[in-house]
Amino acid sequence: MNAFSRRGACPALSAPMQTGDGLLVRLNPVAGGLLPKALIGLGESALRHGNGIMEVTARGSLQIRGLTPASARLLAVEVDALGIAVRTGVPVETGPLAGLDTKEIVDPRPLAERIRAAIDEAGLAQRLGPKVSVIVDGGGRLTMDAVTADVRLVATRTNAGIKWQVAVAGDGQNAKPLVTVEDDAARDIAVAMLRMIAEKGREAHARDLTERQLISLASWHSFAPPSVLPDISPTWGEIGSFAGGSPSASLAIGESGDEGAISPQVGEMSGKTEGGAKERQPIGIFDLAATSIALGIGLPFGSMPAEKIIDLSQSALALGATQIRLAPQRALLFLGLSPTACHSLQHAAATLGFVTNPTDPRTRIAACPGTPACASGRIATRDIAETIAAEDGDILDSSFTLHISGCAKGCAHPGPAALTLVGGENGAGLVVDGTAKALPAGYRPGYDAARGVGRIAAAIRGTRLRGETAAICLARLGAAEIIETYRQE
């Protein structure tokens, strides 16, 4: 049975989390990036104190694995000695090129800082669960559409100037639009929403808010400062709009105290496409300005040995890189390079085994460390992933993600995937359109799992209609046929 113990905290530097291969810590630099020498130093610390595995997560955080209680403390001391300040509290995230991309609608960092300050002033960090987060997306080449959050603020151009679309609970595709407002109101609505979530307890998220609460939030275009916001009702958590300093009557469902408010059902999130959230891999060369370039290099399956990250960072330093930013979708962005240096670093990265092409099939596979790196793993996830990418990468288009999980925890991809391989007592089980926590419907020996996926790939090639994506073809084949195809000898 795929039962597991829920882990209730994020593995911050001050609070490492127990995993199958020891303790894990997660770092988010306050500066938004790291000096090349600092990343080299972190790699050396990972070798001294951990198991030598470093990761960049789907949200753009840096992880160091395989620590012990004693070595985690030593690592924290060395991070401080390297001069790396790390973020704590409620994550308020901006894009990896925030403030640098000339195609941004607006620099999101000032609004993000104001939200962080308001969260601190309201004392919300201690009252909210560790997974509650806010995204402030200024647009540009690399958006935050693929990252989920409780509160989403997305910059948009209107006839009245630049405003912020506020949405609730989701990514760029499925978050629920709430209202479009100016900076001050966006900040205040975000903080008020977090207060409503906090009232529901540390297990709550924005998805737990009632329709009445969302309508109440959407009716507010201008708030008092967070320090004088009215108390949230434990029952409803409504907030009425102020007129002349007096709160309005509580709103019933479907009522609005402001005719200009946009109901949660109205509006369209920036970046939506018919096939899903707008998504661009942060891999390749990005021209930011006349003399500014960013080079994105991906970590295969989000993970690399520390030695290779050290080697890449040393090459970047020698070529003139001034900063390395962590990017969502498991990548590193190198800044300050000349065009010639970019190509040189790309070549070095490819030689080391990094992902240098945004169409690399490995970007469509989510795979945890698995065996032998993780004691909880039942299958060699990375070996399986590499084999599938090499032999059947042509079916891994942008329409779906393949998830390969060493156990039922599903650490690499908590959400549903079109196809999920999950390790268990019976080998590598297959889940169609679900998560690693679901009960697999078919099994193969772990060492033979890639061959089973190869059979599914052959079925896609043989039946896919002209112009049809792999995901649509899988849906047409149906779960029963996919499972049977996977199980066939």
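Please read all numbers here as calculations on a predicted model, not as lab measurements. Within every chain, residues take consecutive numbers counted from 1 along the sequence as written. Where local features are concerned, this predicted model is filtered to residues with pLDDT of at least 70; where side-chain atom pairs are given and counted, the filter is 80 or more; whole-chain, interface and lining totals use all residues. The side-chain figures draw on all heavy atoms in the structure; neither hydrogens nor water molecules are used.

### Some details on the state of the cysteines
Then comes step 1: The term disulfide is used for any two cysteine sulfur atoms that are within 2.5 Å. Tallied over the entire structure, the rule returns zero disulfides.
Then comes step 2: Of all cysteine sulfurs, the one in Cys407 lies closest to Cys368, which takes part in no disulfide; the gap is 6.4 Å.
Then comes step 3: With a 1.4 Å probe rolled over the protein chains alone, any residue whose accessible area is under 20% of its type maximum counts as buried; one over 50% counts as exposed, and the rest are partly exposed. Owing to a relative accessible area of 11%, Cys368 belongs among the buried residues under this scheme.
Then comes step 4: Cysteine Cys411 shares no disulfide, and the gap to the nearest cysteine sulfur, in Cys407, comes to 5.7 Å.

### Here's the deal with the sheet that holds strand S3 (residues 33–34)
Then comes step 1: Pairing is antiparallel in the open sheet, where five strands are placed in the order S3-S18-S19-S16-S15. Looking at the sheet topology across the chains shown, the edges are occupied by S3 and strand S15 (284–289).
Then comes step 2: The pairing of strand S16 (residues 292–298) with strand S19 (residues 331–335) spans five bridges and is antiparallel. By the bridge assignment for S19, Ile297 is matched with Leu332.
Then comes step 3: Set on the sheet, helix H7 (residues 339–352) makes contact with S15, S16 and S19; between it and S16 the angle comes to about 5 degrees. Between any two strands, pairing holds if DSSP finds at least two bridges. By definition, any uninterrupted DSSP run of H or I lasting at least four residues is a helix, any uninterrupted run of E lasting at least two residues is a strand, and each is numbered from the N terminus. Should any heavy atoms of two residues lie within 4.5 Å, those residues are counted as being in contact. Think of each axis as a best-fit line through the C-alpha atoms, taken over the contacting stretch in the case of a helix, with angles from 0 to 180 degrees between the N-to-C directions.

### Observations regarding the side chain of Arg152
Then comes step 1: Counting through the fold element by element, Arg152 comes out in strand S8 (residues 149–158).
Then comes step 2: Buried Arg152, no salt bridge; nearest opposite-charge side chain is Asp145, N-O distance 4.2 Å.
Then comes step 3: Side-chain polar atoms of Arg152 contact the backbone oxygen of Val147, separated by 2.5 Å. Neither His nor the chain termini are counted; the positive set is Lys and Arg, and the negative set is Asp and Glu. The term salt bridge refers to a side-chain nitrogen of Lys or Arg lying within 4 Å of a carboxyl oxygen of Asp or Glu. The definition of a polar contact used here is a pair of N or O atoms within 3.5 Å, where within protein one atom must be able to donate a hydrogen and the other to accept one, and adjacent residues in sequence count solely through side-chain atom pairs.

### Examining the pattern of salt bridges
Then comes step 1: With the rule as written, the count across this model stands at 22 salt bridges.
Then comes step 2: Among the ionic pairs, Arg114 bridges to Asp184, the shortest N-O distance being 2.5 Å. With Arg114 in helix H3 (residues 109–122) and Asp184 in helix H4 (residues 183–199), this pair connects stretches of sequence that are 70 residues apart.
Then comes step 3: By relative accessible area, which is 44% here, Asp184 ends up partly exposed.
Then comes step 4: The partner of Lys163 in a salt bridge is Glu182, with the nearest N and O atoms 3.2 Å apart. Separated by 19 residues along the polypeptide, Lys163 in strand S9 (residues 161–170) and Glu182 in the loop between strand S10 (176–181) and H4 bring together distant segments of the chain.

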